[in-house]
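One letter stands for each residue in the lines below.
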Amino acid sequence: DTGVSQDPRHKITKRGQNVTFRCDPISEHNRLYWYRQTLGQGPEFLTYFQNEAQLEKSRLLSDRFSAERPKGSFSTLEIQRTEQGDSAMYLCASSLSSGKSGGYTFGSGTRLTVV
Amino acid sequence: RKEVEQDPGPFNVPEGATVAFNCTYSNSASQSFFWYRQDCRKEPKLLMSVYSSGNEDGRFTAQLNRASQYISLLIRDSKLSDSATYLCVVNVPLTTDSWGKLQFGAGTQVVVTP
């Protein structure tokens, strides 16, 4: 396990379709985070998990977004009824309990384009 | 007001020169601070943590001023490979989690020219 893996790397979808992204964190990391990044902006927090528990969900996350981490390992982020404004890079990161020692390790991201 | 604010730049720096920039944060409860580096269309990568007493990592020096709530990064002897966006990052504690989450600034773009 060499890092955080995200799949797919790129996704093009038509407006109104549902999409699901997967993240596999570093195996010993118990925390997993989802961020979204648009051009010229820093990553914006969406949600995070400690093991299988979802601890916080950003107000940015409308009810069209849902994230799960059913067994405390990989996580999925689903967007229902996609809109053009959902086009962004979706980044997953993982860390040990607090991350104090070294912040997060990010995956390469999933770039979503809604047409 | 944004929780973490940075000058977007770009800072155009001749190779070999020194460049410095900073960011401000709004949450006085933040306890951990980082600089991340992000190359174009790549994921952010941790550059260095920032400690209260200031710290160096090779050509990079980070400083923290808790009273004024700002963090700085200085790059000496700039290399072409230092061209990137530098993200200022602080933790935001939550009522249910003292560590909380990381909040990112929008980044400062540095362009090192030959």
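Residues numbered from 1 in each chain as written. Chains lettered and ligands numbered in written order. Predicted model: local features only at pLDDT ≥ 70, side-chain atom pairs only at ≥ 80, totals over all residues. Heavy atoms only, no water.

Visitor: Please explain the pairing of strand 10 (residues 97-104) of chain B as it appears in this structure.
Guide: If a strand is regular, its side chains alternate between the two faces of the sheet. All names here are of chain B. Most of strand 10 sits out of view: seven of its eight residues are buried. Relative to strand 10, strand 9 (residues 84-94) runs antiparallel, the two sharing five bridges. The residue of strand 10 that forms the bridge with Asn91 is Leu102. Counted between consecutive antiparallel strands, the loop separating strand 9 from strand 10 contains two residues. (Buried < 20%, exposed > 50% of the residue type's maximum accessible area, 1.4 Å probe, protein only. Helix = DSSP H or I, 4+ residues; strand = E, 2+ residues; numbered from the N terminus. Pairing = 2+ DSSP bridges.)

Visitor: When you look at the environment of B:Gly100 in this model, what are you seeing that I'm missing?
Guide: Mapped onto the secondary structure, B:Gly100 falls in strand 10. Residue B:Gly100 is classed as buried on the basis of its relative accessible area, which comes to 0%. The spacing of B:Gly100 and B:Lys42 is 58 residues in sequence and 25 Å in space, taken between C-alpha atoms. Every residue in contact with B:Gly100, bar those within four places of it in the chain, is listed here: A:Arg31, A:Tyr33, A:Tyr48, A:Tyr104, B:Val92, B:Pro93 and B:Leu94. (Contact = heavy atoms within 4.5 Å.)

Visitor: Is there a simple way to explain the sheet that holds strand 8 (residues 70-75) of chain B in this structure?
Guide: The pairing of strands in a sheet comes from backbone hydrogen bonds and takes either a parallel or an antiparallel form. Residue and element names in this part refer to chain B. On the basis of which strands lie adjacent, the open sheet formed by five strands has the order 1-3-8-7-6 and antiparallel pairing. Only two strands of the sheet have a single partner each, and these edge strands are strand 1 (4-6) and strand 6 (55-57). Across this sheet, the average inter-strand angle for adjacent strands is 20°, counted without regard to direction. Pairing between strand 6 and strand 7 (residues 60-65): three bridges, direction antiparallel. Within strand 7, the position partnered with Asn55 by the bridge is Ala62. (Axes fitted to C-alpha atoms, helices over the stretch in contact; angles between N-to-C directions.)

Visitor: Quick question: what am I supposed to make of the sheet that holds strand 3 (residues 19-24) of chain A here?
Guide: Residues and elements named next belong to chain A. Taken in spatial order, the four strands make up an open sheet running 1-3-8-7, and their pairing is antiparallel. In this open sheet, the two strands that pair with only one neighbour each are strand 1 (5-7) and strand 7 (65-68). Direction aside, neighbouring strands of the sheet carry axes that sit 15° apart on average. Note that strand 1 and strand 3 share three bridges and pair antiparallel. Considered in strand 3, the bridge of Ser5 is made with Asp24.

Visitor: What is the right way to look at the interface of chain A and chain B in this model?
Guide: For interface size, the figure often reported is the accessible area lost on association. The interface is formed by 25 residues belonging to chain A together with 21 residues belonging to chain B. Together, the buried faces of chain A and chain B total about 1,800 Å²; carbon and sulfur atoms form 51% of this surface. Joining chain A to chain B, the criterion identifies one salt bridge. For the salt bridge of A:Glu56 with B:Lys101, the shortest nitrogen-to-oxygen distance reads 3.4 Å. Here chain A and chain B share six residue pairs in polar contact (both at pLDDT 80 or more) between them. (Buried area = accessible area lost by both parts, 1.4 Å probe. Salt bridge = Lys/Arg side-chain N within 4 Å of Asp/Glu carboxyl O. Polar contact = N/O pair within 3.5 Å; in protein donor to acceptor, adjacent residues only side chain to side chain.)

Visitor: For this particular structure, what's the right way to read the confidence of the model for chain B?
Guide: Detailed reading of the predicted coordinates is not advisable wherever pLDDT falls low. Summing up the model confidence of chain B, the mean pLDDT is 93 and the portion of residues at 70 or higher is 100%. Mean pLDDT per element in chain B: strand 10 of chain B is the minimum at 83, and strand 11 (residues 108-113) of chain B is the maximum at 98. (pLDDT = per-residue confidence, 0-100.)

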